[in-house]
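Examination of the molecular architecture
Here's the letter readout for the chains.
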Amino acid sequence: MLFRSFLVDCGFKVCVLPGTDGQEEEFWVLDESSELEHVAMLQDSLQSCEPLTAELDRGLTIIQPGAGGGSIGSLPPDFFSLSSEEVKREQQGKSEVVERENMLRTKAMRDKEAALGRKKYKYCLIRIRFPDGFILQGTFAVHEQFSAVTEFVAENLETPLPFQLLDNVNGAKLSNQENSLTEFGLVPASLLNFCWDPEIEADLTEPLPFLKSSLTNLKD
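Residues numbered from 1 in each chain as written. Predicted model: local features only at pLDDT ≥ 70, side-chain atom pairs only at ≥ 80, totals over all residues. Heavy atoms only, no water.

Let's shift gears to the overall build of the chain. Scanning the chain from N- to C-terminus turns up seven helices and seven strands. When its helices and strands are written in sequence order, the chain yields α-β-β-α-β-α-α-β-β-α-β-β-α-α. A total of 220 residues make up the chain; the buried ones form 27% of that total. Element-wise, carbon and sulfur atoms account for 53% of the exposed surface of the chain, whose accessible area totals about 15500 Å². (Helix = DSSP H or I, 4+ residues; strand = E, 2+ residues; numbered from the N terminus. Buried < 20%, exposed > 50% of the residue type's maximum accessible area, 1.4 Å probe, protein only. Areas by Shrake-Rupley, 256 points an atom, 1.4 Å probe, with all protein chains shown as cover.)

Printed below as a string of structure tokens:
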């Protein structure tokens, strides 16, 4: 639609004329009354414009302590958090499946199926839970690097100090900033835990605020 509007502004119009095979076709034809200087000006403007880059709306959301941050829409509460027994059962089941599949299928076949699974999702919902109970929520593209999540958290901290983001299930630190959210297994949605770097924690004489006060001081 934008390209069509540009042609119209230049003075082009659609005309039905005989094509190379004699059949009538639609062609864009420059009107004889059009000023070439005007067309040249529009061409220069078009060439000098910088391309527009689409930016994903993070949909920043703050969930207050006790506000039921464990579910989104129709998702069950345990979508973001599993009990230790559930984790053990799930891991055992996965191990048995992997053992069987390794005996029957090649690595190429498994990689192909994993790639097909990743294509099911375009976006990823990430929640970061802070020690004071607040939860920061944002939306990311599945192919984005984990550094995008780190930057998102840093932008919303009251005090910009080094911190860590930990897996909610096993407590592992997610440190490789170049890994994609898919590679980290965070798709389609995950909950991470926030904590200050150990060196920062050791030097603290009193608790520091986490999220910006403009985000947490909400009026009823």
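Structure shown, so let's carry the discussion forward.
Under the defined criterion, the tally for this structure stands at two salt bridges. The shortest N-O distance in the salt bridge between Asp-31 and Lys-13 comes to 3.2 Å. Placement of the pair is Asp-31 in the loop between strand E2 (24-30) and helix H2 (36-48) and Lys-13 in strand E1 (residues 12-18), with a sequence separation of 18 residues. Take Lys-13: its relative accessible area is 41%, and that puts it in the partly exposed class. With its nearest N and O atoms 2.8 Å apart, the salt bridge here joins Glu-144 to Arg-58. (Salt bridge = Lys/Arg side-chain N within 4 Å of Asp/Glu carboxyl O.)

So, about the pairing of E1. Pairing analysis gives seven bridges linking E1 to E2, with the strands arranged antiparallel. Residue Leu-17 lies in a different strand from E2, and its bridge partner there is Glu-25. Hairpin remark: E1 followed by E2, antiparallel, with five residues in the connecting loop; positive phi at Gly-22, about 90°. (Pairing = 2+ DSSP bridges.)

As a further point, take the side chain of Ser-180. By the element assignment, Ser-180 lies in the loop between strand E6 (163-167) and strand E7 (189-196). The class for Ser-180 is buried, based on a relative accessible area of 13%.

Moving on, we come to the side chain of Gln-137. Within the secondary structure, Gln-137 is located in strand E5 (residues 135-141). For Gln-137, a relative accessible area of 11% corresponds to the buried category. Engagement of the side chain of Gln-137 in a polar contact is seen with the side chain of Arg-127, the distance being 2.5 Å. (Polar contact = N/O pair within 3.5 Å; in protein donor to acceptor, adjacent residues only side chain to side chain.)

Across residues other than glycine, the phi torsion is negative in most instances, and most of the peptide bonds are trans. Cis peptide bonds are those with omega within 30 degrees of zero, and the linkage from Val-187 to Pro-188 qualifies with 5°. Among the secondary structure elements, Pro-188 is positioned in the loop between E6 and E7.

Turning our attention to the packing of aromatic side chains. All chains considered together, the criterion is met by eight aromatic pairs. Taking the centre distance of 5.2 Å and the plane angle of 75° together, the rings of Phe-146 and Phe-184 count as edge-to-face. Taken together, the positions of Phe-146 in helix H5 (residues 146-155) and Phe-184 in the loop between E6 and E7 put the pair 38 residues apart, joining distant regions of the chain. Looking at Phe-146, the relative accessible area reads 0%, which means it is buried. Look at Phe-184 and you get partly exposed, because its relative accessible area is 21%. An aromatic cluster is present here, built from Phe-130, Phe-163, Phe-194, Trp-196 and Phe-210 joined pairwise through their rings. (Phe/Tyr/Trp six-rings, centres within 6.5 Å; stacked < 30°, edge-to-face > 60°.)

Most of H5 sits out of view: seven of its 10 residues are buried. The set of residues buried in H5 consists of Phe-146, Ser-147, Ala-148, Val-149, Thr-150, Phe-152 and Val-153. Elements in contact with the buried residues of H5: strand E4 (123-129), E5, E6 and E7. (Contact = heavy atoms within 4.5 Å.)

Moving on, we get to the confidence of the model for the chain. Taken over all residues, the pLDDT of the chain has a mean of 78, while the share at 70 or more is 70%. Across residues 73-82, where pLDDT falls below 50, the model places 19 contacts with residues more than four positions away in sequence or in other chains. (pLDDT = per-residue confidence, 0-100.)

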